[in-house]
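Architecture at a glance
Listed here are the chains, written in short residue letters.
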Amino acid sequence: HKCLILHGGPGLSHDYLLPQMERLAEGRQLIFYDQRGSGKSEEGDDAKNLTIETFVEDLEAVRKAFGLKKIKLIGHSWGGFLAMHYAIAHPESVDRLILLHSPPVTSEDTALFMEEFFRRVDPKILTQMQAEDFVKGDPEAVSQVWRQVFRFYVANPAQADELNLKTTQKAALGWMKVDKALGVSWPRPPFDLREKLKTLPCRTLIIHGDKDPIPLETIQRIHESIPGSQLVVLKNCGHFPYVEKPDEFFPAVDAFLKE
């Protein structure tokens, strides 16, 4: 039993999921990797190769490298967005799909998310991203800003301190490059994945927190689009269920993987 776990960002490393997500390793093997340009991975040639298509190709290469016919795919945040794109491109290769606090799948719903994000986050924190030490990828400066931003992503701000946000200069600069290239956080051309999601044959579990800045209504539209999908809503939970609601989150994922 092997599960491939996709980190968020885009451009973060898989480290922020650890050590908590290791709890899913009981009775199965978890495979984490840093996506192209992220964490300890090479940054690739240039920004034109940092696309959703190349990320999907990379994931397919990982599947083949492990000799897996079908994979159980778990995507957190941006990783859920990548997981959906992969499942659409390679439906025959996905056995189970678990979407954890995924971003919206339409331009309109993305606008709702960004509206909520800017409503919550203190603009003074965002201006710190223009500071020289941040722009140069100073690990301490970058980690500090990330932690301040993520305080607005959790129901209880103090729980942001439980996230492993240590980074390196290489990883911090990689995140900036990947995030800018993929443009997930900023306005982009119209898109709507709902019709393509209706073709997915794999069993799907969707987990979301009712305090997540990604509005629950946008997740319900993903749920309605994927045939037979299950939706679990965690009460008083933000964006990081493995830290905020572990006693509800892990049993739900474990039960779905064992079905």
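For the structure, see preceding data.
Reading the values: the criteria
- Residues numbered from 1 in each chain as written.
- Predicted model: local features only at pLDDT ≥ 70, side-chain atom pairs only at ≥ 80, totals over all residues.
- Heavy atoms only, no water.
- Helix = DSSP H or I, 4+ residues; strand = E, 2+ residues; numbered from the N terminus.
- Buried < 20%, exposed > 50% of the residue type's maximum accessible area, 1.4 Å probe, protein only.
- Contact = heavy atoms within 4.5 Å.
- Polar contact = N/O pair within 3.5 Å; in protein donor to acceptor, adjacent residues only side chain to side chain.
- Pairing = 2+ DSSP bridges.
- Right-handed = clockwise from strand over helix to strand, strands pointing away.

What follows covers the environment of R194. Along the chain, the position of R194 falls in helix α8 (residues 194-197). Its relative accessible area of 30% is what places R194 among the partly exposed residues. Sequence-wise, R194 and H208 are 14 residues apart; in three dimensions their C-alpha atoms are separated by 18 Å. Every residue in contact with R194, bar those within four places of it in the chain, is listed here: V105, T106, R221 and S225. Separated by 2.7 Å, the side chains of R194 and D192 make a polar contact.

Let's shift gears to the environment of R151. Following the sequence through the fold, R151 ends up in the loop between α6 (139-150) and α7 (169-182). Once you skip the residues sitting within four places of it in the chain, R151 turns out to touch P157, A158, A160 and D161.

Moving on, we come to the pairing of strand β4 (residues 94-100). Where burial is concerned, most of β4 is hidden: six out of the seven residues are buried. Bridge count for strand β3 (residues 71-76) against β4 is six bridges, and the pairing is parallel. Note that in β4 the partner of H76 across the bridge is L100. Regarding topology, helix α2 (residues 78-89) serves as the crossover connection from β3 to the parallel β4, and that connection is right-handed. Pairing analysis gives five bridges linking β4 to strand β5 (residues 203-209), with the strands arranged parallel. Counterpart to L99 in the pairing with β5 is I206.

Once that is clear, we can look at unusual backbone geometry. Glycine aside, the phi torsion of most residues is negative, and most peptide linkages are trans. Here the bond from G9 into P10 is cis, since omega is -5°, no more than 30 degrees from zero. With respect to the helices and strands, P10 occurs in the loop between β1 (2-6) and β2 (29-32). Here the residue pair L18 and P19 is connected by a cis peptide bond, since its omega of 5° sits within 30 degrees of zero. Along the chain, the position of P19 falls in the loop between β1 and β2. Even without being a glycine, S77 presents a positive backbone phi close to 60°. Position of S77 relative to the elements: it lies in the loop between β3 and α2. Among the residues examined, S77 registers a relative accessible area of 12% and is labelled buried. One non-glycine residue with positive phi stands out, namely H101, at about 55°.

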